[in-house]
Amino acid sequence: IKKIAVLTSGGDAPGMNAAIRAVVRTCAYHNIAVLGVYRGYQGMIEADFVELNARSVRDTINKGGTFLKSARSKDFRTKEGRQKAYENLKKHNVDALVVIGGDGSFTGALLFNQEHNFPVMGIPGTIDNDIYGTSHTLGYDTALNTAVEAIDKIRDTASSHNRMFFIEVMGRDAGFIALNTGIGGGAERILIPEEDTPIEELLQDIEEGHAKGKTSNIIVVAEGDKTGKNIFELKDYVEKKHPEYDIRVAILGHMQRGGAPSCYDRVLASRMGVKAVETLLEGKSNFMVGINNDKIDLTPLEKAIKGGSKLDMELVRVAEIMSV
Ligand code: F6P
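Being a predicted model, the structure only gives us computed values, none of them experimental.

Thresholds applied
Residues numbered from 1 in each chain as written. Predicted model: local features only at pLDDT ≥ 70, side-chain atom pairs only at ≥ 80, totals over all residues. Heavy atoms only, no water. Near = heavy atom within 4 Å. Polar contact = N/O pair within 3.5 Å; in protein donor to acceptor, adjacent residues only side chain to side chain. Areas by Shrake-Rupley, 256 points an atom, 1.4 Å probe, with all protein chains shown as cover. Nonpolar A, V, L, I, M, F, W, Y, C, P; charged D, E, K, R; others polar. Helix = DSSP H or I, 4+ residues; strand = E, 2+ residues; numbered from the N terminus. Buried < 20%, exposed > 50% of the residue type's maximum accessible area, 1.4 Å probe, protein only. Contact = heavy atoms within 4.5 Å. Core = buried A, V, L, I, M, F, W, Y, C linked by side-chain atoms within 4.5 Å. Expected span 1.5 Å × (residues − 1). Salt bridge = Lys/Arg side-chain N within 4 Å of Asp/Glu carboxyl O. Phe/Tyr/Trp six-rings, centres within 6.5 Å; stacked < 30°, edge-to-face > 60°. Lys NZ or Arg CZ within 6 Å of the ring centre and 35° of its normal. pLDDT = per-residue confidence, 0-100.

Asker: Mind showing me how you'd approach the site of the ligand here?
Answerer: The ligand sits among R72, T126, D128, M170, G171, R172, E223, H254 and R257. Note that an oxygen atom of the ligand is positioned 2.6 Å from one of the side-chain N or O atoms of R72. D128 is positioned with one of its side-chain polar atoms (N or O) 2.6 Å from an oxygen atom of the ligand. Here the ligand, which alone exposes 400 Å², has 74% of that area covered by the protein. Taken together, the residues that form the shell around the ligand break down as 1 nonpolar, 3 polar and 5 charged.

Pasting the structure below:
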């Protein structure tokens, strides 16, 4: 291997820049050239490339987003798109590819490998933490800290005005952000996609809380929760039953995706970048770098994509006990 391409794909996540930097510097350390690909797979199809070296990634470890930019490419889902991308990589003498992204990006990487026998490695980058084979994805820790800080601020108003807040956090179909920020932010109730919460049960909990003398309430709602109602409908439902409650809604949204990566995410990105490149140099392909029990390890990409949820239900119990 003499030249490696690196790209970021899917939703951006804090720590992606640190991971690109780690890939580039590890390549420099081993005297390998690096080609940066702009806008994920779309840039690979359009040959939107930039040569990178150890110095071109200076001042990036502390920056949110991704300086290579990211996209969810529709064209790469077609065989023709992947063929074009392959030809462009070959034209630029690229021997292997590191993909920093989520499960959709890994699915693309695997297809690309199967069709063109091209070595690929995945680094999990998404705030959702919804990838099997790693306890933490890049950006997840930062997003948790951003969200919990926002919840703390909302709590000031909730307790000053004796209000109830429904706070929506991101996570797509996974409840990692909701469950952890709910516990960390002292939520009364946490609604996650992995658990069915009948709306009557939610109402009953809220009523019991009031009977126990709770004057304010934070309810953290994962965007993919299973109540079948959106957050405004949830508020309306509770409000109709209890017009005396003073209820507000806050949707944290994309602020959870931005900002400087936490120290944890920077170190994780650096470790993952080193492992991704050195695994390719060992002649291996089709793995995702992960971290488990603070040890960097590898999971076959296929397993990372299909492995299912790793959400620890012990946390659900902790949340329940904490809201006694
Ligand atoms: O996957 C990251 C994520 O932020 C999810 O939590 C969310 O469901 C989705 O991306 C939002 O996507 P977009 O930025 O395209 O609106």
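Asker: Would you mind showing me how to read the side chain of T197 here?
Answerer: Tracing the backbone through its elements, the reader meets T197 in the loop between strand 7 (189–191) and helix 7 (199–211). A relative accessible area of 5% places T197 in the buried class. Once residues within four sequence positions are removed from consideration, T197 is found in contact with R189, L191 and T227.

Asker: Sorry, what's going on with the side chain of S262 here?
Answerer: Tracing the backbone shows S262 in the loop between strand 9 (247–251) and helix 9 (263–281). Dropping the residues within four chain positions of it, S262 is found in contact with D141, T142 and N145.

Asker: Is there a simple way to think about the nonpolar core in this case?
Answerer: As a rule of thumb, nonpolar side chains are buried together in soluble globular proteins. Counting 58 residues, the largest nonpolar core has V6 and V98 as its most contacted members. Among the elements that make up this core, the one with the highest residue count is helix 5 (residues 140–160) (8 residues). Look past the residues within four positions of V98 in its chain and what remains in contact with it is I4, A5, V6, L7, V23, M121, I123, A276 and L280. The next biggest cluster of nonpolar side chains, apart from the first, holds 24 residues, and it includes A5, I45, F76 and M288.

Asker: Help me understand helix 4 (residues 103–116) in this model?
Answerer: One turn of an α-helix holds 3.6 residues; hence residues three or four places apart share an orientation. Over its 14 residues, helix 4 runs 20 Å from end to end, which matches the ideal 20 Å to within 8%, given 1.5 Å per residue. Along helix 4, the residues that are buried comprise S105, F106, G108, A109, L110, F112, N113 and H116. Structurally, helix 4 contributes buried residues whose contacts are with helix 2 (40–45), helix 3 (79–91), strand 4 (96–101), strand 5 (120–124), strand 10 (287–292) and helix 10 (301–306). Directly after helix 4, the chain includes N117, whose backbone phi takes a positive value near 50 degrees.

Asker: So what exactly am I meant to see when it comes to unusual backbone geometry here?
Answerer: For residues other than glycine, phi is negative in most cases, and the peptide bonds are mostly trans. One non-glycine residue, N117, lies in the positive phi region at around 50 degrees. Position of N117 relative to the elements: it lies in the loop between helix 4 and strand 5. With relative accessibility at 68%, the residue N117 sits in the exposed group. Although it is not a glycine, R172 sits at a positive phi angle of roughly 55 degrees. By the secondary structure assignment, R172 is in the loop between strand 6 (164–169) and helix 6 (176–184).

Asker: What exactly am I supposed to notice about the pattern of salt bridges here?
Answerer: Between side chains of opposite charge, a pair can form as their charged atoms come close. Tallied over the full model, the rule gives 16 salt bridges. Residues D205 and R189 are paired through a salt bridge, measuring 2.3 Å at the closest nitrogen-oxygen approach. You can see D205 sitting in helix 7 and its partner R189 sitting in strand 7, a full 16 residues away along the chain. With a relative accessible area of 13%, R189 lands in the buried category.

Asker: Sorry if this is basic, but what is going on with the packing of aromatic side chains here?
Answerer: For any pair of aromatic rings, the description rests on two quantities: the centre-to-centre distance and the angle between the ring planes. As enumerated under the stated definition, the model contains 6 aromatic pairs in all. Put simply, the rings of Y41, F76, Y86, F112 and F118 pair up and form one aromatic cluster. Over the ring of F176 we find K310; its NZ or CZ atom is 5.4 Å from the centre of that ring.

Asker: Before we go on, may I ask you to explain the confidence of the model for the chain in this structure?
Answerer: Do not read the fine detail of predicted coordinates wherever pLDDT is low. With 100% of its residues at a pLDDT of at least 70, the chain reaches an overall mean of 96. Here the complex is predicted with pTM 0.97, and the ipTM for its interfaces comes to 0.98.

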